[in-house]
Amino acid sequence: MKSSLTVVLFIFICTVTFSQEYDVRFGKISNEELSLEACDFYPDAKAMVLNESGWISFRYNNESGFQYRLEVTRRIKIFNQAGTDVGNISISFYDPANGMGGKEKLNG
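Attention in this report is confined to the structure presented alongside it. Here the structure is a predicted model, which is why all the values come from computation and not from measurement.

Considerations on the environment of leucine 70
1) Next: Mapped onto the secondary structure, leucine 70 falls in strand S2 (residues 65-78).
2) Next: Looking at leucine 70, the relative accessible area reads 55%, which means it is exposed.
3) Next: Leucine 70 has contacts with Trp55 and Ile56, leaving out every residue within four places of it along the chain.

Here's what the structure looks like:
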């Protein structure tokens with residue numbers, strides 16, 4: 001009885017977790033996005049983030065310990081030339097000289 005309750009609870013949690021609808025396909029641009037000329041809630045905006053999604057995975061390596069991979073995809077609509085800087089990104093990572101030890105490495 002206890003194991004069947006655990007299985008039912010696990011299935012319920014998986015159903016709730018994976019039931020989010022995600023219909024943005026990167027690479028396919030809709031006519032609505034192309035015709036967008038200004039941000040609805042901030043008309044003076046130079047650019048607008050239309051969608052941002054990402055995923056992270058962890059794994060353990062015997063030589064270097066835990067490793068993670070983070071991938072973020074962002075769709076941006078640029079309204080004018082001044083908004084092109086929105087496409088520039090900066091990636092912050094851990095600096096052992098300013099922290100408590102450890103290391104991070106940026107691969108790509």
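Now, onward.
Overview of the packing of aromatic side chains
1) Next: Taken as a whole and judged by the stated rule, the model has two aromatic pairs.
2) Next: Where phenylalanine 58 meets tyrosine 68, the ring centres are 6.2 Å apart and the plane angle is 45°; that geometry is what we call tilted. Of this pair, phenylalanine 58 sits in strand S1 (residues 47-61) while tyrosine 68 sits in strand S2, placing them ten residues apart in sequence.
3) Next: Take phenylalanine 58: its relative accessible area is 61%, and that puts it in the exposed class.
4) Next: Relative to phenylalanine 66, the ring of tyrosine 60 has its centre 5.0 Å away and its plane inclined at 70°; by these criteria the two rings are edge-to-face.
5) Next: Taking the relative accessible area as the measure of exposure, tyrosine 60 reaches 51% and is therefore exposed.

Quick notes on the rules
Residues numbered from 1 in each chain as written. Predicted model: local features only at pLDDT ≥ 70, side-chain atom pairs only at ≥ 80, totals over all residues. Heavy atoms only, no water. Helix = DSSP H or I, 4+ residues; strand = E, 2+ residues; numbered from the N terminus. Buried < 20%, exposed > 50% of the residue type's maximum accessible area, 1.4 Å probe, protein only. Contact = heavy atoms within 4.5 Å. Phe/Tyr/Trp six-rings, centres within 6.5 Å; stacked < 30°, edge-to-face > 60°.

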